[in-house]
Amino acid sequence: VVSTQSTGESKKAVVSTQSTGGAWHMELLELSWVQRNFISLFCTFPNCSYEQALELFLRAEQLAPAVSLSNSYLTGKACFRLGRKTEAKRFLEQALDCHAVTKEDQIVLEEAKRFYNSSF
């Protein structure tokens, strides 16, 4: 028998893993041409795409809807990069409705506000 607490912790870990994977894709995709070429001097630059990032963010969102400020923001940003502006706006507004609990949340919330204001 699995306790409710361990099930909740397990779900939270899966959500975090999905969101972190998506964030990794986004970070790589937003590197400059110079940064990508520098990395390519030492290793093969990983294949990644906004579609893959969005898929990971949406999986996290399915497991725990509107729970993560960061996931909502990055889901909206990935949608925007893919030209899915209606979805982007919805996820970004979802992020903006979240309350910042930690200092990291506050930073993400400020980034989300800047992105939203410059995009819509």
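Quick note: structure is the one above.
Conventions we followed
Residues numbered from 1 in each chain as written. Predicted model: local features only at pLDDT ≥ 70, side-chain atom pairs only at ≥ 80, totals over all residues. Heavy atoms only, no water. Core = buried A, V, L, I, M, F, W, Y, C linked by side-chain atoms within 4.5 Å. Buried < 20%, exposed > 50% of the residue type's maximum accessible area, 1.4 Å probe, protein only. Helix = DSSP H or I, 4+ residues; strand = E, 2+ residues; numbered from the N terminus. Contact = heavy atoms within 4.5 Å. Phe/Tyr/Trp six-rings, centres within 6.5 Å; stacked < 30°, edge-to-face > 60°. Lys NZ or Arg CZ within 6 Å of the ring centre and 35° of its normal. Expected span 1.5 Å × (residues − 1). Arc of directions from axis to C-beta. 1 Å grid on protein atoms, 1.4 Å probe; cavity = no way out; pocket = protein on both sides within 12 Å on 5 of 7 lines; lining within 4 Å. Points joined across faces, edges and corners; volume = space filled by probe spheres on them. Nonpolar A, V, L, I, M, F, W, Y, C, P; charged D, E, K, R; others polar.

Novice: What is the right way to look at the nonpolar core in this model?
Specialist: The tendency in soluble globular proteins is for nonpolar side chains to be buried side by side. In this structure, Met26, Phe57, Leu69 and Tyr73 are the most contacted members of the largest nonpolar core, which totals 25 residues. Every element with two or more residues in this core is listed here: α1 (4-29), α3 (50-63), α4 (69-81), α5 (85-96) and α6 (103-119). Broken down by element, the residue count for this core peaks at six residues, all from α4. When neighbours within four sequence positions are excluded, phenylalanine 57 is seen to be in contact with Ser19, Gly22, Ala23, Met26, Asn71, Leu74, Thr75 and Ala78.

Novice: Can you walk me through the packing of aromatic side chains in this structure?
Specialist: A ring pair, where both rings are aromatic, is described by two values, the distance of the centres and the angle of the planes. One pass over the full model with this rule turns up five aromatic pairs. Their ring planes at 75° and their centres at 6.3 Å tell us that tyrosine 73 and phenylalanine 115 sit as a pair that is edge-to-face. Of the two residues, tyrosine 73 is situated in helix α4 and phenylalanine 115 in helix α6; the sequence distance between them amounts to 42 residues. Residue tyrosine 73 is classed as buried on the basis of its relative accessible area, which comes to 4%. Ring geometry for phenylalanine 80 against phenylalanine 120: centres 5.7 Å apart, planes inclined by 75°, an arrangement best described as edge-to-face. Highlighted residues: phenylalanine 80 in helix α4 and phenylalanine 120 in the segment after α6, separated in sequence by 40 residues. Of the residues examined, phenylalanine 120 reaches a relative accessible area of 36% and is grouped as partly exposed. Grouped by ring-pair contacts, the aromatic residues Tyr73, Phe80, Phe115, Tyr116 and Phe120 constitute a single cluster. In this structure, lysine 85 is placed above the aromatic ring of phenylalanine 80, and the distance from its NZ or CZ to the ring centre is 4.4 Å. A cation sits over an aromatic face here: arginine 90 above phenylalanine 91, 4.4 Å from the ring centre.

Novice: Would you take a moment to explain α6 for this structure?
Specialist: Along an α-helix, a turn takes 3.6 residues, which lines up residues three or four apart on a common side. When the terminal C-alpha atoms of α6 are compared, their 24 Å separation across 17 residues agrees well with the 24 Å that a helix rising 1.5 Å per residue should span. Regarding α6, the residues found buried are Asp105, Val108, Leu109, Ala112, Phe115, Tyr116 and Ser119. Along α6, the residues classed as buried sweep out an arc of 130° about the axis, all on the same side. With respect to the buried face of α6, the exposed residues turned more than 90 degrees away are Lys103, Arg114, Asn117 and Ser118. Tucked into the core, α6 has its buried residues touching α4 and α5.

Novice: Got a minute to help me understand the layout of surface pockets in this structure?
Specialist: Regions of empty space are outlined by a rolling probe, equal in size to a water molecule, passed over the atoms. A volume near 200 Å³ is recorded for the second largest pocket. Ala23, Met26, Glu27, Glu30, Ser70, Tyr73, Leu74, Lys77, Glu104, Ile107, Val108 and Glu111 are the residues that line the second largest pocket. Secondary-structure elements contributing two or more residues to the lining of the second largest pocket are α1, α4 and α6. Among the residues making up the lining of the second largest pocket, the classes are represented as six nonpolar, one polar and five charged.

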